[in-house]
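A structural walkthrough
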Amino acid sequence: MSERPIQFYFRGEIRQIADAPPTRTVLQFLREDAHATGTKEGCAEGDCGACTVVIGENVGSELQLRAVNACIQFLPTLDGKALFTVEDLAGINGLGITGLLHPVQQALVDTHASQCGFCTPGFAMSLFALYENNPECPDRAAVCDALSGNLCRCTGYRPIVDAVPAAYEQPRVGLDRPAILAALAPLAVLPPLDYRAASQRFLAPRSLPELAEARLAAPDARLLAGGTDIGLWVTKQLRELGDLIYAGAVPELRAIRTDADGLFIGAGASLTDAFDALSAFEPAWTELARRFASTPVRNAGTLGGNVANGSPIGDSMPGLIAMGTQIVLQRGERVRQLPLEDFYLAYQKTALEAGEFVQALHIPPQPAERRFRTWKISKRVDQDISAVCGAFALSVVDGVVTEARIAFGGVAATPQRARTTEKFLTGKLWGQTTVDTAADVLANEYTPLDDMRASATYRRQVAGGLLHRFWLEGTAGTAPTCLAELEVLP
Amino acid sequence: MNAPNHNPPPAVGAGLPHESAHLHVSGRATYVDDIPVPAGTLHAALGLSNIAHGRIKTLDLSAVRAAPGVRAVITADDIPGINDCGPVKHDDPILCDGEILFHGQPLFAVAADSYELARKAARLARIEVMPLPALLTAEAAAEAESWVLPPVEVSRGDAVAALEAAPHRLRGEVQLGGQEHFYLEGQIACAIPLEDDTMRVLTSTQHPTEMQHMVAHALGWRMHQVTAECRRMGGGFGGKESQSAQIACIAAVLARLSGRAVKLRLDRDDDMRITGKRHDFHIEYDVGFDDAGRIAGLKLLLASRCGFSADLSGPVNDRAIFHADNAYYLDAVSILSLRGRTHTVSNTAFRGFGGPQGMFAIETVIDDIARHLGRDPLAVRQANFYGDSAGSERNVTHYGMKVEDNVIQPLVAQLATDARYAERRAAIDAFNAASPLLKKGLALTPVKFGISFTATFYNQAGALVHVYNDGTVLVSHGGTEMGQGLYTKVRQIVAQEFGLPIDDVRLSSTDTSRVPNTSATAASSGTDLNGKAAQAACQAIRRRIAGFVAEQLGVSDDTVVFAAGMVSAPGFDAPFASVVADAYRARVQLWDAGFYKTPKIHYDPVTMQGRPFYYFSYGAALAEVAIDTLTGENRVLRVDILHDVGRSINPAIDIGQIEGGFIQGMGWLTTEELVYQPDGPQAGRLATHAPSTYKIPAVSDLPPVFNVRLFDNANVEDSIHRSKAVGEPPLMLAFSVFFALRDAVAAALGPGARPQLDAPATPEAILRALHGGRL
C-alpha cells in the first residue's frame, strides 16, 4: 500500500492520484484520465513539443515555471508541483470568464500563427512559460531558444516568432503566484512519496542520505532523474521498468556552487541550470548549451543523467572531459571521485557499482593559458543528436603546446579522449604544420560507425576539421570562422 | 446569434484569421483522437514485418490473442470484403497476404481495451519468414526492370540531333531524396458500427469519399452503408490522400468483427515506417546548349522509387514529366520516366506531387550549364524562360499546352530589382574572396506550376449551403481542412455572396453523407473547386431570395443587393435575417447544392498531350546562404520571395501557405534525410523513423531575414474571384536554398566547377561535394 497518493496542483486544486502505474505519463493522465485533450501527442518521445505543458515548483520561495514534454514525464514526478496545460491559459486572471484569450494565445491568432493547429497548444505553452518568465519582451534568440523543442510543419515558424512581441503589446496578465505557492506549501511537509501501484514502487527520497540508503537497499531498482531517456523505454519500447527511485526530490543533488576548487554541479541539477552555471564558468559552453536537445528537454533532463547514461552521443561529456571534470560517486556513505573519462568502460557500461549513484560533477579551475572550445555537428541546429561532438582544451605557452586535452563523442562506443593526438600535439610548436598533421592523426584515431546520422568517413573528416577550426579561430585574423556569427543585412 | 454588423469589410480579400484559430490556440479544436468515443470503444495496434521481402511461414498469434485486454485479432483472412486499399491499381493489401513486401508492412491487427494493451499485445506474435531478395533503390529497380507501372517516354522534336548539333554539351546525374510528411497528427481513424449494417468512420483524411469507398470494399458492403467524416486534420501534405485508407479499413474491419467502436491511432514510429513518402529520384541528363546557355536539346531520365505498390505513383511520375520544364522552354526534348517497384514503403502524394522532382532536374541542368559557361545562373535561367504569351513561338510546353498566362519574366525581374540581386552577387564575391573558411552562395530560382488534377475527372466539386430561417448559414463541401485555410476561404466566399458578416457563416465537417463523390483535397485545388461549388449554391439561393423580394416590391430581380448584412432594393432596406424569415414563411427554398467542374482542360493520357492544367501559378525566390567548408554545416541567411496567388481571397492565409511551403521545401532539400538500412538482415529498415533521427526544420532554421510578397496579378482564367491555387507551388521556391548552397560550394571549388551536390544537402552531402563528390 502506498503511504500516500501522488499530490499536485492542477486546475486550481490539489489533485490526488492513488491508482495510476508509476510509469503513467503526464500526457496519458491528461488525455485519457482527465479527458483534457488540448495537449496533443505528436511523437511520444519528447522531440516534437505538441505535448508541452508547464510545471510550477517552489524554488527558493519563488514559483519556478518551466515547459516540459508531458509525453515522457512520469506522473509521480509531479508530486508536490503544479501542472499547467493549455486549458488553463484563458483562466488566468479570469480571462476565460470574459471570453478573452491569454495574450500569447491572442497574439498567435493575430499573427496567423496556426494552420492545422495540432502543434499550437504546445507552442502556446512554451510561449506561456517564456512570457511568465520575462516581464519584458525577450529578443529573437531567446524566443528561438524557448521554441527549440516545438515542431511546426505548416507555418514555417515566422508568424509564431512574431507572436511574441505581439503578446507583449497587450495588457499584461500573470499567474497568481502567491496563491499557487500557498497551495503547494502543504505538499512540502508531506512525507516523502513512497508510491506503489500495479506492483511497481516509486520512491522519492527527500535527502541525500535517504537516497543513498534507498539505493543501497534496492540496487536493482531503476534510478530515475529527468526521465528524458527512460521515458522512451516506456513509450517506445513498452518496457516494464520495475521499481523506481526518483532522484528529483533530493535538494542536495540539485545544488550548484562555485568556489576556489572550481564548479560543483549536483547530479540532479537540470540541464538548464547546469548549462547556465557551466556557461558562466566557461563562456565557450554557450553555443553547445543552446544546441543541447531543446528547452523542454533541458528543463526536465539532468546533467548527472546525461553523464550517467553514458551514451556515446551525449553532448556534455566531451567538453566536461576536456576540462578535466571529476565525477563524484556515492555508495552508502562512501564518496569517491574519478576522472570522467575513466567512468566509461565500454558501450553503455560504466564504473558505477551496484548501489552506487552519481552525486555530482566537479569541474576544476581552468589554467589561464588554456583555451577551450566544444562543438556539436548535426543535421539541424535545434534539438538534434550529434554526428560528432568534439571538445578541445589546449594550453599554449610561448608558442608551444604544453597540454592538450581533446575528447569526442559520436566516434566511438563511449565518449573518448583522443590520446594519440594529445600526445602528438604536446610539446609541438602551435602552428599550421602541426595542426595539419594533428588533424590527420585525429581523423584516424577513432573508428566511428556508419549510421543514419553520418558516415564513418564524414565523422573522421569532421573531427580533423574541428581541430582546424580551433586553430583558425585563434589565427584567421578578420576572416569569419563562425556561421552563427555572420552578419545578416536586411 | 451575433447582432448584424452594418459595416463589415468585404469578406473576400480580407486577411481574416483561420476560422479555427481561436480553437487551435486554446486546445479546443478537436481532432479525431479528441472526440469522445462511445462506451466500450476498443483501441487497435498493428503487428509489423521486420524484413523487407519474404514469405510468411508461420504467423502464430496465440500469445497476442491471450494477452490481457485483447478483444479481437485479425489477419488478411479475416477481411470480409476485398483485401486492398490501392487508389488506382489494386495492388495494396490492407494486411499482408502471405508475401511480405516491405520492412514495416502490417501483418495483423489487434484491438484491445486500451491503446497500451493493444500495442503490447501486438509485439507478442511469433513470426517465421522465408527471406527473399529485396530491391531497395530506384537504380536497383531500373536495373532489374522492376516496375509498378510501365516506363513512359515523352518527347518533342529530335533531341538526339539537337544534342549533336549544339555548340556545348554536358552530361550529369544527381540523387534527389524523398521526404516524410511528418504531419503533426499521425494517421488515425475511429470506426463506429451503427444499426442495420452501417458504419460511421471518423478519419483524418484528405479524401473522405475514398475512405468511404475503401471501407465499403473491405467490409464487402456498398457505399451507402458507410459514412466518412473529417472536421480537420493535424496536417496532411498529401500523406492523408490515399494513405489514410489502410488505417480506416483496419479500424472498420475490427469494428465490424468486434461489434464495438474501434480507434486505430498509429504511434509516430509506426506511422513513419508504414506510410508512403515523397518519391526519391535518380536523375540523369544529357543537354546541348548555345553560348548564352540556351538549351537546344535535352535528354532526361527520371527514375523514381515507388515502393511495393503503384499507389499514386502513376500520376506523381506523370506530373514530374509535366514539370520537367519548370519555367523554361524546351525545344527538342526527350524524357524517360521509370517507375521502380522496390521492397520499400509505397511512396505517395506529397505537396507538389512529382512536380518538384521534375523541376529539380531542370534546375540542376540549368545550374550546370551556367557553371560550365562561367555565366551567372540567373542570366542562364532568364535566357531559357518561356516567351511572352502573346506572339512568341517559345510558349508551348513539351506536352502541347500553350502557356497563356506567363508572368515569369516580369516577376523575376521585379524580385531581382527589389532584392538587389546584382549588388548582393558582387558583395558575396567580395566576401568569398576574403573568407577561406566560410563561403556564401546566392540563387534566384523561378517556379511555374500547373493547376488542376491531371486526372481530369477529379476536377469537380460539390457543396451544400443551408440558410437557416434566422439568417445564419451552414456550409458543407467536399474539401477537407488540413490547416491550409480552405474552410476560412470558403467561409469568406459564402459571406461575400450573401453580404454577411463572417460570423454568420459556419462550416460543418466534411461528411460523405452531406456531399457525395468528392475529390481528394489535393493538387492545390481545394479553394478553386469547392469555392466555386459553394458560390454556385449561394447564387442559387440568392436568386430565389432576390426574386422573392423583387416580386413583393415590383422591381426587377437584378436590383436586389446583398451587402453589409442587409438586403436592399430601390425603396427597400432590411436585415438579411428578417428577409430570410419572411422568405421562409413564403415557402422559398433557402438551401441548395452547388456543383463545379473546371472548364477547358483535357489531355490524352496515352500520348500525354493536351491541356492538363487550367492555368499556371508563378513565383520566384532569392536565397543567400553560407557554408562552413570544414564541416559542411550551413545557414540560410536571407530569403526574398515574390509569389503569384492571383487576386488573393485571404492574403494572410496565402502568405502562410507560401512561407510554410517554402520552409517545408527547404527541409526536403537540406535536413530531411530518409535513410534505409542498405544491407544485412535488417536491409530496407527505415533507420530514420522518428523525429529524433528525421529532422524537419525547427525554429532556428527560419531565415533571419525572410521577405515574402504577393505579386499583383489577377488570374486570366475565371477562377474563384480570380485567385490562384497556393498549396503546392511555394514548396518549389526552396530550390533557391539548394542552389544557393550549390553556389557556395562552387565558390569554394573555384571557376568552372559543377558541384556534385545531392539532395538533401546535409552537412555531409555538402562536405562530400566540397571534396569532389566523395569523402
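What you see is a predicted model, and the numbers here were worked out from it, not measured in a lab.

1. Focus on the overall build of chain B
Assigned secondary structure in chain B consists of 19 helices and 29 strands. Taken over the C-alpha trace, chain B has a radius of gyration of 27 Å; the compact-globule value for 775 residues is 28 Å, and the two agree within 12%. Seen through its principal axes, chain B has C-alpha atoms that stretch 80 × 75 × 45 Å.

2. A closer look at the domain arrangement of chain B
By convention, interface size is frequently given as the accessible area that disappears when the constituent parts associate. Residue and element names in this part refer to chain B. Splitting chain B by domain gives domain 1 (21-29 + 460-597), domain 2 (39-133 + 181-274) and domain 3 (396-452 + 609-775). If you average the C-alpha positions of domain 2 and of domain 3, the two centres end up 37 Å apart. With nine residues of domain 2 in contact, the opposing surface of domain 3 contributes eight residues. Per-class residue counts for the side of domain 2 that touches domain 3 are four nonpolar, two polar and three charged.

3. Here's the deal with helix α9 (residues 208-217) of chain A
Residues and elements named next belong to chain A. Those residues of α9 lying buried are Leu-211, Ala-212, Ala-214 and Arg-215. Down the axis, α9 shows its buried residues gathered within 165° of arc, on one side only. Elements in contact with the buried residues of α9: β7 (200-204), β8 (222-224), β9 (244-246), β12 (326-331) and β16 (356-363).

4. Structural notes on the pairing of strand β11 (residues 226-230) of chain B
Each regular strand shows side chains that alternate between the opposite faces of the sheet. All names here are of chain B. Across the five residues that make up β11, a large majority, five, are buried. Going residue by residue along β11, you find Val-226, Ala-228 and Cys-230 tucked away on one face and Thr-227 and Glu-229 tucked away on the opposite face as well. Two strands pair when backbone bridges link them, and strand β10 (residues 198-203) and β11 are joined in this way by four bridges, in the parallel orientation. Across the sheet, Leu-202 pairs through a bridge with Glu-229, a residue of β11. Handedness of the β10-helix α6 (residues 208-219)-β11 crossover: right-handed. Where β11 and strand β20 (residues 510-511) come together, two bridges link them in antiparallel fashion. In the sheet register, Glu-229 faces β20, and the bridge partner there is Asp-511.

5. Quick look at the sheet that holds strand β17 (residues 460-467) of chain B
Residues and elements named next belong to chain B. If you walk across this open sheet you meet the four strands as β19-β18-β17-β24, and the pairing is mixed. Since the sheet does not close on itself, it has two edges, and those belong to β19 (505-507) and β24 (591-597), each with one partner. Here the average twist between neighbouring strands, direction ignored, is 20°.

6. Section: unusual backbone geometry
For the peptide bond that leads from Ala-759 of chain B to Pro-760 of chain B, omega is 0°, which places it in the cis range. Residue placement: Pro-760 of chain B occurs in the loop between α18 (735-749) and α19 (763-770). The backbone of Ala-44 of chain A shows a phi angle near 60°, a positive value even though the residue is not glycine. Looking at the element boundaries, Ala-44 of chain A is found in the loop between α1 (26-33) and β3 (52-59). Not every positive phi belongs to a glycine, and His-112 of chain A is a case in point at roughly 60°. Counting through the fold element by element, His-112 of chain A comes out in the loop between α4 (103-110) and α5 (120-133). His-112 of chain A sits in the buried class, given 26 other C-beta atoms within 10 Å.

7. Considering the packing of α4 of chain A against helix α7 (residues 158-168) of chain A
What describes two packed helices is the angle between their axes and the distance between those same axes. All names here are of chain A. Between α4 and α7, whose axes approach to 8 Å, the crossing angle comes to 125°. Classed by the angle they form, the pair α4 and α7 counts as oblique. At the point where α4 passes α7, the crossing takes the right-handed sense. Touching Pro-103, Val-104, Ala-107, Leu-108 and Asp-110 of α4 are Ala-163, Ala-166 and Ala-167, all from α7. In terms of residue class, the contact of α4 with α7 is made up of seven nonpolar, no polar and one charged.

8. Comments concerning the nonpolar core
All names here are of chain B. Membership of the largest hydrophobic core comes to 368 residues, with the highest contact counts inside it found for Ala-44, Val-110, Val-215, Ala-251, Ala-252 and Leu-254. Broken down by element, the residue count for this core peaks at 11 residues, all from α18. Residues within four places of Ala-44 in sequence aside, it is in contact with Ala-109, Val-110, Ala-111, Ala-118, Ile-250, Ala-251, Leu-254, Val-262, Lys-263 and Leu-264. Of all hydrophobic cores here, the second largest spans 45 residues; its members include Ala-495, Leu-529, Val-567 and Ala-569.

9. Quick word on the interface of chain A and chain B
Listed as interface residues are 70 residues of chain A and, on the opposing side, 73 residues of chain B. In terms of residue count, the dominant contributor to the side of chain A that touches chain B is helix α19 (residues 456-475) of chain A (eight residues). When grouped by side-chain class, the residues that make up the side of chain A that touches chain B number 38 nonpolar, 20 polar and 12 charged.

Cut-off values and rules
- Residues numbered from 1 in each chain as written.
- Chains lettered and ligands numbered in written order.
- Predicted model: local features only at pLDDT ≥ 70, side-chain atom pairs only at ≥ 80, totals over all residues.
- Helix = DSSP H or I, 4+ residues; strand = E, 2+ residues; numbered from the N terminus.
- Rg over C-alpha atoms; globule rule 2.2 N^0.38 Å.
- Domains from an automatic or database assignment.
- Contact = placed C-beta atoms within 7 Å.
- Nonpolar A, V, L, I, M, F, W, Y, C, P; charged D, E, K, R; others polar.
- Buried ≥ 20, exposed ≤ 12 C-beta atoms within 10 Å, placed from the backbone.
- Arc of directions from axis to C-beta.
- Pairing = 2+ DSSP bridges.
- Right-handed = clockwise from strand over helix to strand, strands pointing away.
- Axes fitted to C-alpha atoms, helices over the stretch in contact; angles between N-to-C directions.
- Parallel < 35°, antiparallel > 145°, perpendicular 65-115°, else oblique.
- Left-handed = near helix turned anticlockwise from the far one by under 90°.
- Core = buried A, V, L, I, M, F, W, Y, C linked by C-beta atoms within 7 Å.

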